[in-house]
Structure formats: C-alpha cells, structure tokens
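Take a look at the letters that make up each chain.
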Amino acid sequence: VYDTMVQFSGVGNRISLDKLCMALGVPTSKDDMDGSMVGQAVAEGRIAEVAAYCEKDVMATKAVFDRMTFAS
C-alpha cells in the first residue's frame, strides 16, 4: 500500500488531492464538481456526473502516484 497523501504531507497531516495535483503539476480532477457536492448530486439523480467525477479523481490519483514514484 502506498498512501500518496502520507508520502507528501507526512503522517498525521493532510493535503487535498487538488492541492497535491497543483504541487506536482498534475491536472486536477476538480472542475465542475468536488467531494462536497457528491451527496446532493446523487440525491438529485445525477449519477452519471458523479461517476465522471469519480473517474477523474481516480485518474488524478494515478497521475500523482506516477509522478511521486517517478513513473512519469
């Protein structure tokens, strides 16, 4: 297990995926939606939008991991 947040900010500290992306020069996944908006979007039935947001988060996390492990 490789925790990108811990590797970048240290144990007990936090850094958002958005800030981590910015710091590493990786495109952020936060454009039309962020995590605080997911619950409301699901309640409104906007499942496709939530799925697209989650997919962008996964892709951003992978890009951060690749950058931190010198894979890209």
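As a reminder, the structure under discussion sits directly above these lines.
First, a word on scope: everything that follows refers to the structure included in this document. (Residues numbered from 1 in each chain as written. Predicted model: local features only at pLDDT ≥ 70, side-chain atom pairs only at ≥ 80, totals over all residues. Heavy atoms only, no water.)

### Concerning the nonpolar core
The following threshold applies: Remark: nonpolar core denotes a set of buried residues (Ala, Val, Leu, Ile, Met, Phe, Trp, Tyr, Cys) joined through side-chain atoms within 4.5 Å. Under the scheme applied here, a residue whose accessible area is under 20% of the maximum for its type counts as buried, over 50% as exposed, and between as partly exposed, the area being computed with a 1.4 Å probe on protein chains only. Secondary structure elements are taken from DSSP: a helix is a run of H or I of four residues or more, a strand is a run of E of two residues or more, and numbering for both begins at the N terminus. In this description, contact between two residues means that some pair of their heavy atoms is separated by no more than 4.5 Å.
Leu17, Leu20, Cys21, Leu24, Val26, Ala60, Val64 and Met68 form the largest nonpolar core, which has 8 residues in total. Among the elements of the structure, helix 2 (17-24) and helix 4 (47-68) are those that each provide at least two residues to this core. In contact with Cys21, not counting residues within four places along its chain, are Val26, Pro27, Thr28, Ala60 and Val64. Counting 5 residues, the second-largest nonpolar core is a separate cluster that includes Met33, Val38, Val50 and Tyr53.

### Comments concerning the packing of helix 2 against helix 4
Just so we agree on the cut-off: Note on geometry: axes are lines fitted to C-alpha atoms, helical ones only across the stretch in contact, with angles between N-to-C directions running from 0 to 180 degrees. Angle categories: roughly parallel below 35 degrees, roughly antiparallel above 145, roughly perpendicular from 65 to 115, and oblique for all the rest. The handedness criterion is simple: a crossing whose near helix is rotated anticlockwise from the far helix by less than a right angle is left-handed, and one whose near helix is rotated clockwise is right-handed. Each residue is assigned to one of three groups, with Ala, Val, Leu, Ile, Met, Phe, Trp, Tyr, Cys and Pro labelled nonpolar, Asp, Glu, Lys and Arg labelled charged, and all others, Gly among them, labelled polar.
Where helix 2 meets helix 4, the axes come as close as 10 Å, and the angle between the chain directions of the two elements is 45°. As the angle between them shows, helix 2 and helix 4 are arranged oblique. For the pair helix 2 and helix 4, the sense of crossing is left-handed. Across the interface between the two elements, Leu17, Leu20, Cys21 and Leu24 of helix 2 pack against Asp57, Ala60, Thr61, Val64, Arg67 and Met68 of helix 4. The residue inventory of the contact of helix 2 with helix 4, partitioned by class, reads 7 nonpolar, 1 polar and 2 charged.

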